[in-house]
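Observations on the three-dimensional arrangement
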Amino acid sequence: MLEQLREIAGQCAGTPVWSLSNPDLIDALHTVHDAQQMLAATTLHLIREIEGRNLPIAQDAASTAVWLREQLHVSINTARRTVDLAKTLDQRPTLDTALSSGAINVEQAHIVAKTVHDLADEASPDMVDLAEKALIAEFADWEPAILRKAAERILAHVAPEVADEADRRAAERDEKRAQRTRAFTLTNNGDGRFRVTGWLDAEAAAIVNAALDPLCKPDLERTPAQRRADALVEVCRLALRTEQLPDNGGDRPQVVVTVPFDVVRKELGQGQLDTGETLSPQRVRRLACDAHILPIVLGGQGQILDVGQQRRLFTGPLRRALVARDGGCAFPGCDRPPQWCNGHHIRHWTDGGDTALNNGVLLCGYHHRLIHRGEWEVRMADDGRPEFIPPPYVDSERRPRRNIYHRRT
């Protein structure tokens, strides 16, 4: 039978499908999918028998999952989930029958298996059996995301008299677990990128989402993940600007960049963060637009010869004047408010540009980076307001544009 199965599967895989009619094409898709789920159940039966015979241990594997990873060349996470589902099918005949007959698929089986496992501590065995049957019989036509939501409230469906108390205990258990396992890591990937990972409880996640969501407005330039990453950085930048963070080593929290200055060319070179990472001159120029600048004159070997006085750019009355004039990010089409914007020198400060109202413009972080790429130009119009010249691929005539979202009447 197995040889016939392999031969038939090979024939199906090698058969052209272009000649099928639309109805036949759809029928074939469902038939093959159902067969895949039945074969998945067969795979789980084999794994359970292999584990029952201790074959992995006999072959010096650390566990069935490790052995399965080597045998089938799957990830360890997939192997573990497969072994867990095999155990559940062995203990839940109703679930086994549903998968073996193609009534549910593997994704749905994982959800039902987790649900009956979690319910074991909250309800009687009879109620767990009833919940399992209800999920299979009444919700099998739902895709996994909706099935998962139904599973979360299945007790209210089959046993409403105990659902409230069970939900309360489950919520308390989830909150304690979330609080215990909360974490945040920022890992240097070694290629100029840093990986952000962690876990938050529901309340903390709601706070983070509330802070990030206003900054995640959809646009055509960035993916949703990129917008969230930019929003996280902007929230942290705002926190640094509030002057309400506790001192760090006797000074306000700050980003420190050491950068050489070519006095002949009057150009900034590559910068180095105090954490050791390198920044391009372009990024250094952008950071220098709205920052505390502490000039340091270095000798040939890098020794400090002179330290100038600290001065702030585009702050105080000057920044308030920028806000009064621009109202927010001045880039055409942007509606970000002024508290999320930096002051940008139209003529760069490192090129001798003045820190003055007629040489400054408010830009949000995204458009600040865009301007520093050099494809768009910004200039001050005759009426004293900034206007932007698009690159030729945006407008071949390069007609000046202005922001109309913050226009004052």
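This report concerns the structure included in the present document. Counting of residues starts from 1 at the beginning of each chain's written sequence and follows it residue by residue. Reporting in this predicted model follows two pLDDT cut-offs: at least 70 for local features of residues, and 80 or more for side-chain atom pairs to be given and counted; totals over whole chains, interfaces and linings ignore these cut-offs and use all residues. Each side-chain value is derived from all of the structure's non-hydrogen atoms; neither hydrogens nor water enter the calculation.

Let us look at the nonpolar core. If you look at the biggest cluster of nonpolar residues, it comprises 38 residues, and the most contacted ones within it are Leu95, Leu99, Ile104, Leu135, Ile154 and Val158. Secondary structure elements are taken from DSSP: a helix is a run of H or I of four residues or more, a strand is a run of E of two residues or more, and numbering for both begins at the N terminus. Elements with a minimum of two residues in this core: helix 2 (22-52), helix 4 (64-72), helix 5 (76-91), helix 6 (93-100), helix 7 (106-119), helix 8 (125-139), helix 9 (144-152) and helix 10 (154-158). Working rule for contacts: check all heavy atoms of both residues, and any pair within 4.5 Å makes them a contact. Apart from residues lying up to four places away in sequence, Leu99 is in contact with Gln37, Met38, Ala41, Leu44, Leu89, Ile104, Asn105, Val106 and Ala109. Formed by 17 residues, the second largest nonpolar core is a distinct cluster that contains Ala330, Cys341, Leu370 and Phe388. Residues enter a nonpolar core if they are buried and are Ala, Val, Leu, Ile, Met, Phe, Trp, Tyr or Cys, with the set joined through side-chain atoms within 4.5 Å. Using a 1.4 Å probe on the protein chains alone, a residue whose accessible area is under 20% of its type maximum counts as buried, one over 50% counts as exposed, and one in between counts as partly exposed.

Expected span, for any helix, means 1.5 Å times one less than how many residues it has. The terminal C-alpha atoms of helix 7, which comprises 14 residues, lie 20 Å apart, in line with the 20 Å expected from a rise of 1.5 Å per residue. If you check which residues of helix 7 are buried, you get Gln108, Ala109, His110, Ile111, Val112, Ala113, Thr115, Val116 and Leu119. For helix 7, the elements touching its buried residues are helix 5, helix 6, helix 8, helix 9 and helix 10. We define a polar contact as two N or O atoms separated by no more than 3.5 Å, with the added condition that, inside protein, one atom must be a possible hydrogen donor and the other a possible acceptor, whereas residues neighbouring each other in sequence contribute only through side-chain atom pairs. The N-capping residue of helix 7, defined by a side-chain oxygen 3.1 Å from the backbone nitrogen of Glu107, is Asn105.

To continue, consider a nonpolar patch on the surface. Each patch is assembled from residues with relative accessible area greater than 30% and no salt bridge, linking like charges that lie within 9 Å and nonpolar side chains (Val, Leu, Ile, Met, Phe, Trp, Tyr) that lie within 5 Å. Only the protein chains shown count as cover for residues, and the accessible areas themselves come from Shrake-Rupley with a 1.4 Å probe. The salt bridge criterion pairs a side-chain nitrogen of Lys or Arg with a carboxyl oxygen of Asp or Glu, the two atoms within 4 Å. Taken together, Phe184, Leu186, Phe194, Val196 and Leu232 make up a surface patch of nonpolar side chains, about 490 Å² in accessible area. When residues of the nonpolar patch are traced back to their parent elements, those giving at least two are strand 1 (183-188) and strand 2 (194-199). Within the secondary structure, Leu232 is located in helix 13 (residues 224-241).

Enumeration over the complete set of coordinates arrives at 20 salt bridges. Across the pair Glu51 and Lys87 runs a salt bridge whose closest N-O atoms are separated by 4.0 Å. Placement of Glu51 in helix 2 and of Lys87 in helix 5 is noted, with a sequence separation of 36 residues between them. Looking at Lys87, the relative accessible area reads 32%, which means it is partly exposed. Between Asp230 and Arg222 there is a salt bridge whose closest N-O contact spans 2.9 Å. Several salt bridges share partner residues, and in doing so they unite Arg48, Glu51, Lys87 and Asp90 into one network.

It is worth spelling out the packing of helix 4 against helix 5 at this point. The interhelical angle for the contact between helix 4 and helix 5, taken along N-to-C directions, is 120°, at an axis separation of 8 Å. As judged from the angle between their axes, helix 4 and helix 5 are oblique. Crossing handedness for the pair helix 4 and helix 5: right-handed. Residue-level contacts link Thr64, Ala65, Val66, Leu68 and Arg69 of helix 4 to Ile76, Ala79, Arg80, Thr82 and Val83 of helix 5. Here the axes come from fitting lines to C-alpha atoms, over the contacting stretch only for helices, and the angles between their N-to-C directions go from 0 to 180 degrees. Angle categories: roughly parallel below 35 degrees, roughly antiparallel above 145, roughly perpendicular from 65 to 115, and oblique for all the rest. A clockwise turn of the near helix away from the far one marks a right-handed crossing, whereas an anticlockwise turn of less than a right angle marks a left-handed crossing.

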